[in-house]
Amino acid sequence: MTQVLPPIPPAQPVPPVPPSYPPPSLERPPSPQRRPRRAGFAVAVLTGALVVGGGAGVAGAALYDAASGGSGNGTGGTSSLPVVDNGNRAAASGSVESVAAAVLPSVVALDVSGGGAAGSGSGVVLDTDGLILTNDHVVTLGGEISADQAEVTVSFNDGRKVRATVVGTDPLTDTALVKVDGVDDLTPITIGKSSNLDVGEQVVAIGSPFGLDATVTSGIVSALDRPVEVARDANGNATAYPAIQTDAAINPGNSGGPLVNMDGQLVGINASIRSTASGQGAESGSIGLGFAIPIDEVLPIIEQLRAGETPTHARLGIQVSDAAGQAGSSDTTLTGARIAELEDGSAAADAGLKQGDVITAIDDHRIEGTEGLIATVRSYRPGDSVKVTYLRDGKESTTELKLGSDG
């Protein structure tokens, strides 16, 4: 969910945190829309832009009618210019048009208020009982309010507006569920597998950027497993995930909406953007760098939230810092996550890892730093077995371990 009014504020200084987490990334989740103050001006600007466009069209039509003698009704008039009417053709299978037609009924807009703040975002219908998936930062207004304070209104594609309740949230994966009751004829989205995506594959994003409901954009998968950290709580716990990077236009308000493949299957939840905006009041918008949370990674979290459970996450039980410098006596640049501390009885300690070891890979995922380590481990589940590649005194070794749990 991303800020509409006023524009996204600049990143604020973050207090020091334990070395187990990386510094905040430039990738920030689109901030919640705030309406108090200055809203009138911003709305006036938007409305003015729309009116000017409409006015120009009307004036142009009037001038053309006067010159041509047409009736101006758009259907019964005549024209001296040749017009080709191919009719409204059916959407080709696998086209953006066909994907939009299939997915739009499953996409909703969310208006959230509480604690004197307000914002908006997007969501996607998961089942016929009214369960809706969105981002944690949508329902908590970017952490300004608690989930208990959130008053959520869901707007469906057919125009219905219904109050919803928050089922549960998970800040560490930026996941949230809300539910509407007594709504019939819901169209659940089809869930696909994000692990089947390839770089260059075409995708479609749908949501409510800047409050413009049911907006469809398309693009390609620009990269996979892109480590993205978007937030950090007061205890230094990072919200990070191995993101799907896409150049489909994602803007403030798209957060929580679906990223789908060309079969119309949900493969990711749009959650954050990279923006060049800086300075107080700077406007943030798409520059072709959008990030979605892979659906494969959050399905277990969705099931836990749906069951009323506290979500759990995989962990190594270590504190780390970015490794930088030369690898031994060679000229090779050292990158990875250096172990600063290990918890007694943790998965890492039991596997024989030691303070000072530099983790360079988890399975076949290369680790460039702490952000990458957190995002990669977050993509696994507690109890999963992984192979850890690490450097100790310049020598590369591997070890197998079973990931622990934070729950």
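This one's a predicted model, so the numbers in the text were calculated from it and none came from an experiment.

Draft legend 1. Just the overall build of the protein, in detail. Looking only at helices and strands, the protein has six helices and 21 strands in total. Counting only residues that meet the buried cut, the protein has 45% of its 407 residues in that class. At a minimum sequence separation of 6, the contacts of the protein that also span at least 24 residues come to 65%. Total accessible area on the protein stands at roughly 19100 Å², and carbon and sulfur atoms take up 51% of it.

Draft legend 2. Layout of the pattern of salt bridges. Using the criterion set out here, one finds eight salt bridges in the structure. Asp127 is the partner of Arg306 in a salt bridge, and the nearest nitrogen-oxygen pair spans 2.6 Å. Of this pair, Arg306 sits in helix α4 (residues 295-306) while Asp127 sits in the loop between β2 (117-125) and β3 (131-134), placing them 179 residues apart in sequence. A salt bridge links Arg392 to Asp357, with the shortest nitrogen-to-oxygen separation between them at 2.8 Å. Pair noted here: Arg392 is in strand β19 (residues 385-392) and Asp357 is in the loop between α5 (347-350) and β17 (358-362), with a separation of 35 residues, a long-range link. For Asp357, a relative accessible area of 1% gives the class buried. Connected through shared salt-bridge partners, Asp127, Glu303 and Arg306 make up one network.

Draft legend 3. Spatial organisation of the side chain of Thr399. Note on placement: Thr399 falls in strand β20 (residues 395-402). Polar contacts involving the side chain of Thr399 include one to the main-chain carbonyl oxygen of Ala351, which spans 3.0 Å. When neighbours within four sequence positions are excluded, Thr399 is seen to be in contact with Ala351, Leu353, Val386, Lys387, Val388 and Tyr390.

Draft legend 4. Spatial organisation of the environment of Pro252. Structurally, Pro252 is set in the loop between β10 (238-246) and β11 (258-260). You can call Pro252 buried: its relative accessible area is 0%. Sequence spacing of Pro252 and Ile273 is 21 residues, and the spatial spacing of their C-alpha atoms is 8.6 Å.

Draft legend 5. Structural detail: the sheet that holds strand β6 (residues 175-179). Read around the closed barrel, the six strands follow the order β1-β2-β3-β6-β5-β4; overall the barrel is antiparallel. Neighbour to neighbour, the strand axes of the sheet diverge by 40 degrees on average, direction disregarded. Relative to strand β4 (residues 151-155), strand β1 (residues 107-114) runs antiparallel, the two being bridged by five bridges. Residue pairing in the sheet places Asp111 in a bridge with Thr153 of β4. Docked against the sheet, α4 engages β3, β5 (161-170) and β6, running at close to 50 degrees with respect to β6.

Rules used throughout
- Residues numbered from 1 in each chain as written.
- Predicted model: local features only at pLDDT ≥ 70, side-chain atom pairs only at ≥ 80, totals over all residues.
- Heavy atoms only, no water.
- Helix = DSSP H or I, 4+ residues; strand = E, 2+ residues; numbered from the N terminus.
- Buried < 20%, exposed > 50% of the residue type's maximum accessible area, 1.4 Å probe, protein only.
- Contact = heavy atoms within 4.5 Å.
- Areas by Shrake-Rupley, 256 points an atom, 1.4 Å probe, with all protein chains shown as cover.
- Salt bridge = Lys/Arg side-chain N within 4 Å of Asp/Glu carboxyl O.
- Polar contact = N/O pair within 3.5 Å; in protein donor to acceptor, adjacent residues only side chain to side chain.
- Pairing = 2+ DSSP bridges.
- Axes fitted to C-alpha atoms, helices over the stretch in contact; angles between N-to-C directions.

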